[in-house]
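Chain by chain, the residues run as shown.
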Amino acid sequence: MSSSDIFIGETIGTAILILLGGGVCAAVTLKRSKAQNAGWLAITFGWGFAVLTGAYIASGVSGAHLNPAVTIGLALQGGTAWSDVPLYLASELLGAMIGAVLVWAVYYGQFHAHLTDPEIVENQPAEEGMVDQSTAPKAGPVLGIFTTGPEIRHMVQNVVTEIIATFVLILAILTQGLNDEGNGLGALGALITALVVVGIGLSLGGPTGYAINPVRDLGPRIVHALLPLPNKGGSDWGYAWVPVVGPLIGGALAGGLYNLAFA
């Protein structure tokens, strides 16, 4: 697998993942969207289909990691060369940022309608940089479209939740189709992974919104901070380390357990 294959596959695949995943969050959140208030089931299945689509697109090119936690887990398991890891991570982050920009483009009118609605932006700063930042909110009214966030802000619990949820995802990926010959499931693995993501969202997603993917949160959070969205509020950088560190630890633990129990 060449460097160009990794870059192209991971950038495009992760962009599609975030476009569809962030898209369902926008559809459920924003005013003047036909899917507004569709609820948690719509979000969990939307993210599952996002994983399925991104993985099918990228699987034949780069192996469809689309997630640094997957890359770390596969490197520890031995399926990915450590020398390729930096390129995977950089491509995944770039793809996540592109996907977040595409969500903004698709829902441009809805973002404007939502963020200029007095009911929505009450107590939000009128313009970024024009208020006392000590009193500005940590999270703006559309931040949840781009990033995850906890229902109860307890950093230890939040990190543990992300570690456990990501551990389940990566272990499920590493053990797909194991048999006496050690063969995997090929393209069918994308469908199984997507269903695992839905299951994680339904069962473990309630506390933190289940990032289970560092670039799924970090890339769109950077885009939220940069986009010219009116009344967007803050990007909550104080929480941003949790959905990065937690999934990376979870992926590493899953790779380590695989080597101990399944290799």
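Cut-offs used in this document
- Each chain has its residues counted from 1, running along the sequence as written.
- At least 70 in pLDDT is required for a residue's local features to be given in this predicted model, at least 80 for side-chain atom pairs to be given and counted, and no such filter applies to totals for whole chains, interfaces and linings, which use all residues.
- To get the side-chain values, take all heavy atoms of the structure and skip hydrogens and water.
- Comment: elements are numbered from the N terminus, with helices defined as DSSP H or I runs of at least four residues and strands as E runs of at least two.
- In this analysis, two residues are considered to be in contact whenever any of their non-hydrogen atoms come within 4.5 Å of each other.
- Each accessible area is a Shrake-Rupley result for a 1.4 Å probe, and residues are judged covered by the shown protein chains and nothing else.
- Each salt bridge in this description consists of a side-chain nitrogen of Lys or Arg and a carboxyl oxygen of Asp or Glu lying within 4 Å of one another.
- With a 1.4 Å probe rolled over the protein chains alone, any residue whose accessible area is under 20% of its type maximum counts as buried; one over 50% counts as exposed, and the rest are partly exposed.
- Patch criteria: residues need more than 30% relative accessible area and no salt bridge. Like-charged residues are merged within 9 Å; nonpolar side chains of Val, Leu, Ile, Met, Phe, Trp and Tyr are merged within 5 Å.
- Any pair of Phe, Tyr and Trp rings, taking the six-membered ring for Trp, is counted once the centres come within 6.5 Å. Such a pair is stacked with planes under 30 degrees apart, edge-to-face with planes over 60 apart, and tilted for the rest.
- Axis lines are fitted through C-alpha atoms, for helices just across the contact stretch, and the angle between N-to-C directions can take any value from 0 to 180 degrees.
- Orientation is classified from the angle alone, with under 35 degrees giving roughly parallel, over 145 giving roughly antiparallel, 65 to 115 giving roughly perpendicular, and any other angle giving oblique.
- Working rule for handedness: look at the near helix, and if it is turned counterclockwise from the far one by less than a right angle, call the crossing left-handed; if clockwise, right-handed.

Caption draft 1: Highlighting the overall build of the protein chain. Broken down by element type, the protein chain carries 11 helices and zero strands. Walking the protein chain from its N terminus toward its C terminus, one meets helices and strands in the order α-α-α-α-α-α-α-α-α-α-α. In the protein chain, once contacts between residues fewer than 6 apart in sequence are set aside, the share between residues at least 24 apart is 79%. With an accessible surface of roughly 11,700 Å², the protein chain has 65% of that area assigned to carbon and sulfur atoms.

Caption draft 2: Structural context of the pattern of salt bridges. Considering all chains together, one arrives at three salt bridges under this definition. The partner of Asp 117 in a salt bridge is Lys 31, with the nearest N and O atoms 3.7 Å apart. Remark: Lys 31 occurs in the loop between helix H1 (3-29) and helix H2 (40-62) and Asp 117 occurs in the loop between helix H5 (108-115) and helix H6 (118-121); sequence separation between them is 86 residues. Since its relative accessible area comes to 22%, Lys 31 is described here as partly exposed. A salt bridge links Arg 153 to Asp 236; the nearest nitrogen and oxygen atoms lie 2.8 Å apart. In this pair, Arg 153 sits in the loop between helix H7 (143-146) and helix H8 (155-174) while Asp 236 sits in the loop between helix H10 (214-226) and helix H11 (242-261), placing the two residues 83 residues apart along the sequence.

Caption draft 3: Looking closely at a nonpolar patch on the surface. The grouping of Phe 7, Ile 8, Ile 12, Ile 57, Leu 94, Ile 98 and Leu 102 at the surface amounts to a nonpolar patch, some 550 Å² of accessible area in total. The set of elements that each furnish at least two residues to the nonpolar patch consists of H1 and helix H4 (85-106). Along the chain, Ile 8 turns up in helix H1. Since its relative accessible area comes to 42%, Ile 8 is described here as partly exposed.

Caption draft 4: Spotlight on unusual backbone geometry. Its identity as a non-glycine residue notwithstanding, Tyr 210 has a phi of 45°, on the positive side. Position of Tyr 210 relative to the elements: it lies in the loop between helix H9 (188-204) and H10. We classify Tyr 210 as buried; its relative accessible area is 5%. Despite not being glycine, Asn 231 shows a phi value in the positive range, around 55°. Along the chain, Asn 231 turns up in the loop between H10 and H11. We classify Asn 231 as buried; its relative accessible area is 15%.

Caption draft 5: Just the packing of aromatic side chains, in detail. Using the criterion set out here, one finds five aromatic pairs in the structure. Both rings, one in Trp 104 and one in Tyr 108, keep their centres 5.7 Å apart while their planes meet at 70°; by these two values the pair is edge-to-face.

Caption draft 6: Fine view of the side chain of His 65. Inspection of the secondary structure puts His 65 in the loop between H2 and helix H3 (68-77). Those residues in contact with His 65 that lie beyond four places of it in its chain are Glu 10, Val 70, Thr 71, Leu 74, Thr 80, Tyr 88 and Glu 92.

Caption draft 7: A look at the packing of H3 against H11. In contact at an axis separation of 8 Å, H3 and H11 are set at 25° when each is read in the N-to-C sense. In this view, H3 runs roughly parallel relative to H11, as classed from their interaxial angle. Here H3 runs over H11; the crossing is right-handed. Contacts between H3 and H11 pair Pro 68, Ala 69, Ile 72, Gly 73, Leu 76 and Gln 77 from the former with Pro 247, Leu 248, Gly 251, Ala 252, Gly 255, Gly 256, Tyr 258 and Asn 259 from the latter.

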